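Breakdown of the fold
Each chain, letter by letter, is given below.
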Amino acid sequence: MNKLHELATLGTILVGALFGLSSEASAQKVLYPENAPKPFLIKTEVPARPAGQQDMLLFRAPKLETVRIGFIGLGMRGPGAVDRMSQIEGTDIVALCDLHEERVKKSNEILAKRGRHAAAEYSGSEDAWKKLVERPDIDLVYIATDWQTHVEMALYAMEHGKHVAVEVPAAFSLEDIWALINTSERTRKHCMMLENCVYDFFEMTTLNMAEKGLFGEVLYAEGGYLHNLEPFWDYYEGNWRMDYNQKHRGDIYPTHGMGPAAQVLNIHRGDKMNVLVSMDSKPVSIPAFLEKEGRDSSNFQNGEHTMTFIRTEKGKTIYIHHDVATPHPYDRMYLVQGTKGKAQKYPHQHYSFVSDEMLADGSMPDHENLNMEDWLSPDQQKALVEKYKHPITRELEEVAKKVGGHGGMDFIMDYRLIYCLRNGLPLDQDVYDLAEWCALVPLSKISIEAGFAPVEVPDFTRGGWNKTQGYRHYMIGD
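Residues numbered from 1 in each chain as written. Predicted model: local features only at pLDDT ≥ 70, side-chain atom pairs only at ≥ 80, totals over all residues. Heavy atoms only, no water.

Describing the sheet that holds strand β8 (residues 273-280)
What the eight strands build is an open sheet, ordered β13-β12-β11-β7-β10-β9-β8-β14; its pairing is mixed. If you trace the sheet from one side to the other, it starts and ends with β13 (350-353) and β14 (455-456), each paired once. Inspection of the sheet shows strand β9 (residues 306-312) paired to strand β10 (residues 317-323) by six bridges, in the antiparallel sense. Residue pairing across strands places R311 opposite T317, the latter belonging to β10. Running at roughly 165 degrees to strand β7 (residues 218-226), helix α9 (residues 255-264) makes contact with β7, β8, β9, β10 and β11 (335-338) of the sheet. (Pairing = 2+ DSSP bridges. Helix = DSSP H or I, 4+ residues; strand = E, 2+ residues; numbered from the N terminus. Contact = heavy atoms within 4.5 Å. Axes fitted to C-alpha atoms, helices over the stretch in contact; angles between N-to-C directions.)

Now the structure itself:
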């Protein structure tokens, strides 16, 4: 038998096995030429770390007794952040900036209502934010502007000696991601992305359970952003969000799904993402919406539903979704699967675990009993969640729900940022988290536009991914 025939036979056997066909029925369905090219892996450049520059892993900045904050962007997200920060001890809101003067004044009204002093006001010009950044009495610049301005503002702030907290996604190109990393490393200033979903209550409890070993070895995590934005498109000033969807394929909003998945899998804390493959379905709903509105829908790029598959150095997998076009309930698709248990948040919060006593008599499982391994009962789950509630949410849950911000997770995010800065602790999210979670934007586009090809995920730590073992939130005394 020659090599071509051997490969052809192997192919038919595999196809037959996959689809339940006999070797005769599947014969000659697949042929593999002897000189068939091997699957290729698209790689992107990892620039060498500049001489004298050190990584920011576990970086501890000097303690700040009071964190002096300047806010840029007071549209959809900024005012809520001003309100939350005004209720956190150890903060001083020094300055506020937005293109529109009335928004700045409304945010100052929030401060007055909270008994805070008026902040300096900047508005009226595209460059007004630079004046805020240049102030010597600001420690932290909090950026809640449109996507396209995030990187420029973050870089300028770090260059002027400020820590940065920037809304999601922080960056959209590999060039910008590397610029943020290098500037953070060189200036020794934190650059944190404001990914709030890692602080939601179910995600925090599930992370604590994983850290305690309840799921056994966690092998798979899933996440996403399924949110029909049709009612909101007109509220993005200057049409910036629709414009980006219209011009770009790929998962352009990955961080809500990536953040919790990456944390539970200890990404760059003992493991790293190695390769991804992305696919998308054709765009239908948003072009139809644009046509109905009498707007140009030609050459619309972003797929109706984008899926990205990731495999890590240690053989774990991640599955991330993006869909802002189709009608469905809001869903971040958070799921964690381990060797001993599973957590699933949507559409309802559930946990399931292997029972050590199941089939203790050695009898064969009943393959027709599809409820044999079911979710925990409501009473069991309530007791489990109470026992394994994350210490941070146990401390902050009541006040977080009162202050609000996506049910309280925004408050916990802001509180933890200030807590770590005041106590000189590593932040919960570092610049490499920002890089890894945002990198799905350019990498998924590369994969899709190359015919859904595998793409190598850069090691943004440049060799430091195994420096620490396991994700953790640092507390006083650590």
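More follows now that the structure is in view.
Describing the packing of aromatic side chains
The relation between two aromatic rings is expressed through the spacing of the ring centres and the mutual angle of the planes. Inspection of every chain in the model, using the stated rule, returns 20 aromatic pairs. Aromatic pair Y415 and Y419: ring centres 6.3 Å apart, planes at 20 degrees, arrangement stacked. Note that Y415 and Y419 are positioned in helix α13 (residues 409-423) at a spacing of four residues, about one turn of the helix. Judged by relative accessible area, Y415 falls into the partly exposed class, the value being 22%. Pairwise contacts between aromatic rings join W147, F172, Y225, W233, Y236, W240, Y244, Y253 and Y330 into one cluster. Positioned above the aromatic ring of Y156, the side-chain terminus of K130 is 5.5 Å from the ring centre. (Phe/Tyr/Trp six-rings, centres within 6.5 Å; stacked < 30°, edge-to-face > 60°. Buried < 20%, exposed > 50% of the residue type's maximum accessible area, 1.4 Å probe, protein only. Lys NZ or Arg CZ within 6 Å of the ring centre and 35° of its normal.)

A few points about the nonpolar core
F71, M85, L96, Y142, I177, M258 and F460 are the most contacted members of the largest nonpolar core, which totals 131 residues. In terms of residue count, the dominant contributor to this core is α13 (nine residues). The contacts of I177, once residues within four sequence positions are left out, are A171, A435, C438, A439 and F460. (Core = buried A, V, L, I, M, F, W, Y, C linked by side-chain atoms within 4.5 Å.)

Looking at the sheet that holds strand β6 (residues 191-193)
As summarised here, the arrangement of the six strands in space is β3-β2-β1-β4-β5-β6, forming an open sheet in which the pairing is parallel. Each having just a single partner strand, β3 (120-122) and β6 make up the two edges of the open sheet. Between one strand axis and the next, the sheet turns by 20 degrees as a mean value, whatever way the strands run. Relative to the sheet, helix α3 (residues 101-113) contacts β2 (91-97) and β3, its axis offset from that of β2 by approximately 165 degrees. Those strands touched by helix α14 (residues 431-438) are β5 (163-166) and β6, and its axis lies near 45 degrees from that of β6.

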